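Spelled out from the first residue to the last, the chains are:
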Amino acid sequence: MIEFLSLLVLAVLLLSGLFWYKKTCRHLTVKEIEQRVSQQMEQRAHKLCMQAFDVQRTSEAEERSKLDEQFQDDLHLYVEDFQAEVAESLQQNKVQDIQSYGFIRLTK
Amino acid sequence: MGEFAYTVDRLFWLICVLLLVVSVIYKLDVSSRIALTVWVVGNLLMDQLQPYIMELATVNKIAGVSFWYVIWAAIEILCLWCIYKIHAAHNLEASKLARYIMVCFLSLCALQFMRYADRVVLDTNMLSEVYKYVVVSINISVVPFAIFWFVKDIQTLRKGVAL
């Protein structure tokens, strides 16, 4: 009898531990996904930095305006792609309690 | 080998205390500090209680064995709950080190469950050596992981300062 009860108590303790561990980890998911996606898009981010630098360096007004326009377009595209990747990852990982990310609505 | 493993275990506990001091000096991630503090205090508590628990466990042969495994599992889950509660109370995100330490506590509890089943319920006694060395291995493993993530954090902080 004691053995059975002890085994039951041990099982309950283990399951409780698992429950609290899962609850603790839930908070991390969005930030973790954002970090993962930003690491994947690091090259594009670097390219954007170099583009911004080129815009700064260009003295000729017309060329500067063209480069700036291109930079703005690439920047918006980067932000949209980043948000789309994160939103997709949130859906794939079935992250709860998040209805939308950026301008993207997350549907069930 | 057994004594050596326990000596190394105690040494690694001291290293955990040093890492805690380092994390305070460098103002590293709060979540990691909380988890490491609970780990250090939890292990100290278990070390201090061990002779008393051993004494209580030998009073009654039948209930004593059950008491031994249940009490260790309870302390391990209590430590895990403390980490969870502090994170929940302050709305903190659990760092990788915090999650690893929680997994270590869970693994220790699972080990108590398996060893109890092996020794008392099934009476096979196959996990005797495994039990001893896995407990020590888990305790030791926290140090290299803590060092790895702390070094990463310090490097990230330095990059941030440079920028």
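Conventions we followed
Residues numbered from 1 in each chain as written. Chains lettered and ligands numbered in written order. Predicted model: local features only at pLDDT ≥ 70, side-chain atom pairs only at ≥ 80, totals over all residues. Heavy atoms only, no water. Helix = DSSP H or I, 4+ residues; strand = E, 2+ residues; numbered from the N terminus. Buried < 20%, exposed > 50% of the residue type's maximum accessible area, 1.4 Å probe, protein only. Contact = heavy atoms within 4.5 Å. Areas by Shrake-Rupley, 256 points an atom, 1.4 Å probe, with all protein chains shown as cover. Lys, Arg positive; Asp, Glu negative; His and termini not counted. Charge placed at Lys NZ, Arg CZ, Asp CG, Glu CD. Core = buried A, V, L, I, M, F, W, Y, C linked by side-chain atoms within 4.5 Å. Salt bridge = Lys/Arg side-chain N within 4 Å of Asp/Glu carboxyl O. Expected span 1.5 Å × (residues − 1). Bend = angle between axes of the 7 residues up to and from the residue. Axes fitted to C-alpha atoms, helices over the stretch in contact; angles between N-to-C directions. Parallel < 35°, antiparallel > 145°, perpendicular 65-115°, else oblique. Nonpolar A, V, L, I, M, F, W, Y, C, P; charged D, E, K, R; others polar. Buried area = accessible area lost by both parts, 1.4 Å probe. Polar contact = N/O pair within 3.5 Å; in protein donor to acceptor, adjacent residues only side chain to side chain. Patch = residues over 30% accessible without salt bridge, like charges linked within 9 Å, V, L, I, M, F, W, Y side chains within 5 Å. Phe/Tyr/Trp six-rings, centres within 6.5 Å; stacked < 30°, edge-to-face > 60°.

A. Broad picture of the overall build of chain A. Looking only at helices and strands, one finds four helices and two strands in chain A. Counted from the first residue to the last, chain A has its helices and strands arranged as α-α-α-α-β-β. Relative to its 108 residues, chain A shows a buried fraction of 24%. Excluding contacts between residues fewer than 6 apart, the proportion of contacts in chain A whose partners are at least 24 apart in sequence is 46%.

B. Inspection of the overall build of chain B at higher detail. The helix and strand tally for chain B stands at five helices and zero strands. Along its sequence from the N terminus, chain B presents helices and strands in the succession α-α-α-α-α. In terms of principal-axis extent, the alpha carbons of chain B reach across some 65 × 35 × 25 Å. Here chain B, with 163 residues, has 41% of them falling under the buried criterion. Pairs at least 24 apart in sequence give 70% of the contacts found in chain B among residues at least 6 apart. Put simply, chain B shows about 9100 Å² of open surface, and 70% of that area lies on carbon and sulfur atoms. Looking at chain B, you have 13 positive and 11 negative side-chain charges, and the mean spots of the two groups are 9 Å apart.

C. Molecular detail of the nonpolar core. Judged by nonpolar contacts, the single largest core of 51 residues is most densely connected at Leu36(B), Trp39(B), Ile101(B), Phe105(B) and Val142(B). Looking at this core, the elements that each hand over two or more residues are helix 1 (2-26) of chain A together with helix 1 (2-25), helix 2 (30-59), helix 3 (61-89), helix 4 (96-121) and helix 5 (128-162) of chain B. Per element, the largest residue contribution to this core is 12 residues, and it comes from helix 4 of chain B. Setting aside its immediate chain neighbours within four residues, Ile101(B) contacts Ala35(B), Leu36(B), Trp39(B), Ile83(B) and Val142(B). Core analysis: the second largest hydrophobic core is formed by 13 residues, Leu48(A), Phe71(A), Val86(A) and Leu106(A) among them.

D. Quick look at unusual backbone geometry. Residues and elements named next belong to chain B. Backbone geometry places Lys27, a non-glycine residue, at a positive phi of 50°. Not every positive phi belongs to a glycine, and Asn125 is a case in point at roughly 55°. Inspection of the secondary structure assignment puts Asn125 in the loop between helix 4 and helix 5.

E. Looking closely at the pattern of salt bridges. Residues and elements named next belong to chain A. Scanning the entire structure with this criterion turns up four salt bridges over all chains. For Arg44, the salt bridge goes to Asp81, with nearest N and O atoms at 2.8 Å. Remark: Asp81 occurs in helix 4 (residues 61-92) and Arg44 occurs in helix 3 (residues 42-57); sequence separation between them is 37 residues. On the accessibility criterion, Arg44 (34% relative accessible area) is partly exposed.

F. A look at helix 2 of chain B. Here helix 2 of chain B is 30 residues long and its end C-alpha atoms lie 43 Å apart, about the 44 Å a rise of 1.5 Å per residue gives. At Gln50(B), helix 2 of chain B shows its largest kink, close to 45°, and the proline Pro51(B) lies no more than four residues downstream.

G. A look at the packing of helix 2 of chain B against helix 4 of chain B. Residues and elements named next belong to chain B. Between helix 2 and helix 4, whose axes approach to 8 Å, the crossing angle comes to 30°. Judged by the angle between their axes, helix 2 and helix 4 are roughly parallel. Contact residues: helix 2 offers Ser31, Ser32, Ala35, Leu36, Val38, Trp39 and Met46, while helix 4 offers Leu97, Ala98, Ile101, Cys104, Phe105 and Leu108. Residue composition of the contact of helix 2 with helix 4, grouped by class: 11 nonpolar, two polar and no charged.

H. Summary view of the interface of chain B and chain A. Taken together, the contacts link 29 residues of chain B with 20 residues of chain A. In this assembly, chain B packs against chain A so that about 2300 Å² is buried in total across both faces, 79% of it on carbon and sulfur atoms. Taken together, the connections running from chain B to chain A amount to zero salt bridges. Joining chain B to chain A, the criterion identifies two residue pairs in polar contact (both at pLDDT 80 or more). Only helix 3 and helix 4 of chain B provide two or more residues apiece to the side of chain B that touches chain A. Element by element, the count of residues in the side of chain B that touches chain A is highest for helix 4 of chain B, at 13 residues. Each residue belonging to the side of chain B that touches chain A can be placed in one class, and the counts come to 22 nonpolar, four polar and three charged.

I. Looking closely at a nonpolar patch on the surface. Together, Met1(A), Phe4(A), Leu5(A), Leu8(A) and Val12(A) give the surface a local cluster of nonpolar side chains, amounting to about 540 Å² of exposed area. For Phe4(A), a relative accessible area of 54% corresponds to the exposed category.

J. Representation of the packing of aromatic side chains. Evaluation of the coordinates by the stated rule reveals 11 aromatic pairs over all chains. Here a set of aromatic residues connected by ring pairs shows up, and it is made of Tyr100(B), Phe145(B), Phe148(B) and Trp149(B).

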